[in-house]
Amino acid sequence: MILFKNIVIFFGFWLCCSLLSAQEDHVLKPPRDYEKHPAKTALFIELGGNAGLYSLNLDQIYYYKEKLKLAARVGFAINPHGVYVEQAYVLEQNIILFKNPHHLELGIGITMQRQYNESCSIPDSYLWENLWYGAWRCGYRYQKQDDGFFLKAALTPVFMQQSDCGFDAHYFQLWAGVGVGMSF
């Protein structure tokens, strides 16, 4: 009986404290005005594109007008190659044209892939090699002023650098990519 009495007193005390603290005046922040402060940052995964197979990316619009926007993109990818892990790093500058939410995106970028390749000068020898690709971008971008869904699809012609073995037969390649993510 004493235990039951203590439990009732405890819950009564807890209920009174909860009701007293619930009387505080909380002020909510006003909702964000997307006309004045649009979503300028996007996180997305791109399949294909500048990095090859895939890349994880951050895209930031740093100049924003209704029909013209400038954005910078940074991305990376990790590709397993046996016991070694090859990496790709993407830097890109884009011009985004037309009104929201449908845009034409034009850009130029550079990709560095760190690959573990067989050496052409020393037989049965492997070495780490940094390959540099220059890439252009021409494609579609869907990004509303509000936070939310982000989509881009583009052709990305790539110009490859001379490797350890000389120029590759595929010095120029026409790649394509599709990116999906969130803008905020």
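A short tour of the structure in this document, coming up. Model, not experiment: these values are computed from the prediction.

1. A few points about the side chain of Asn-57
Turning to step 1, where the next piece is worked out: Structurally, Asn-57 can be placed in strand β2 (residues 54-64).
Turning to step 2, where the next piece is worked out: Sequence-distant contacts of Asn-57, that is, excluding residues within four places in its chain, are made with Ala-42, Leu-43, Phe-44, Glu-46, Arg-73, Val-74 and Gly-75.

2. Here's the deal with the sheet that holds strand β7 (residues 148-160)
Turning to step 1, where the next piece is worked out: Pairing is antiparallel around the closed barrel formed by 8 strands, whose spatial order is β1-β2-β3-β4-β5-β6-β7-β8. With direction set aside, neighbouring strand axes in the sheet form an average angle of 25°.
Turning to step 2, where the next piece is worked out: As paired strands, strand β5 (residues 102-118) and strand β6 (residues 126-143) are joined by 17 bridges and run antiparallel to one another. By the bridge assignment for β6, Gln-113 is matched with Leu-131.

3. Some words on the packing of aromatic side chains
Turning to step 1, where the next piece is worked out: Per the counting criterion, the structure on display carries 9 aromatic pairs.
Turning to step 2, where the next piece is worked out: Where Phe-44 meets Phe-150, the ring centres are 5.1 Å apart and the plane angle is 40°; that geometry is what we call tilted. With a gap of 106 residues between them, Phe-44 in strand β1 (residues 41-48) and Phe-150 in strand β7 connect regions that are remote in the sequence. An identical accessibility class is assigned to Phe-44 and Phe-150; each is buried.
Turning to step 3, where the next piece is worked out: Consider the rings of Tyr-116 and Trp-128, whose centres lie 5.2 Å apart with planes at 55°: the pair is tilted. Taken together, the positions of Tyr-116 in strand β5 and Trp-128 in strand β6 put the pair 12 residues apart, joining distant regions of the chain.
Turning to step 4, where the next piece is worked out: Looking at Trp-128, the relative accessible area reads 32%, which means it is partly exposed.

Cut-offs used in this document
As a convention, each chain's residues are numbered from 1 in the sequence order in which they are written. Whole-chain, interface and lining totals are the exception, using all residues; otherwise, since this is a predicted model, local features are given only for residues with pLDDT of at least 70 and side-chain atom pairs are given and counted only at 80 or more. The side-chain numbers reported here are obtained from all heavy atoms of the structure, hydrogens and water having been left aside. Here a helix means four or more residues in a row that DSSP labels H or I, a strand means two or more in a row labelled E, and each is numbered from the N terminus. What makes two residues a contact is simply this: any of their non-hydrogen atoms within 4.5 Å. The criterion for strand pairing is that DSSP finds at least two bridges linking the strands in question. Every angle, taken between N-to-C directions, lies between 0 and 180 degrees, and every axis is a line fitted to C-alpha atoms, over only the stretch in contact when it is a helix. Aromatic rings from Phe, Tyr and Trp, taking only the six-membered ring of Trp, are treated as a pair when their centres fall within 6.5 Å; an angle between ring planes under 30 degrees marks them as stacked, one over 60 as edge-to-face, and anything in between as tilted. Each residue's exposure class comes from its accessible area (1.4 Å probe, protein chains only) as a fraction of the maximum for that residue type: buried when under 20%, exposed when over 50%, partly exposed otherwise.

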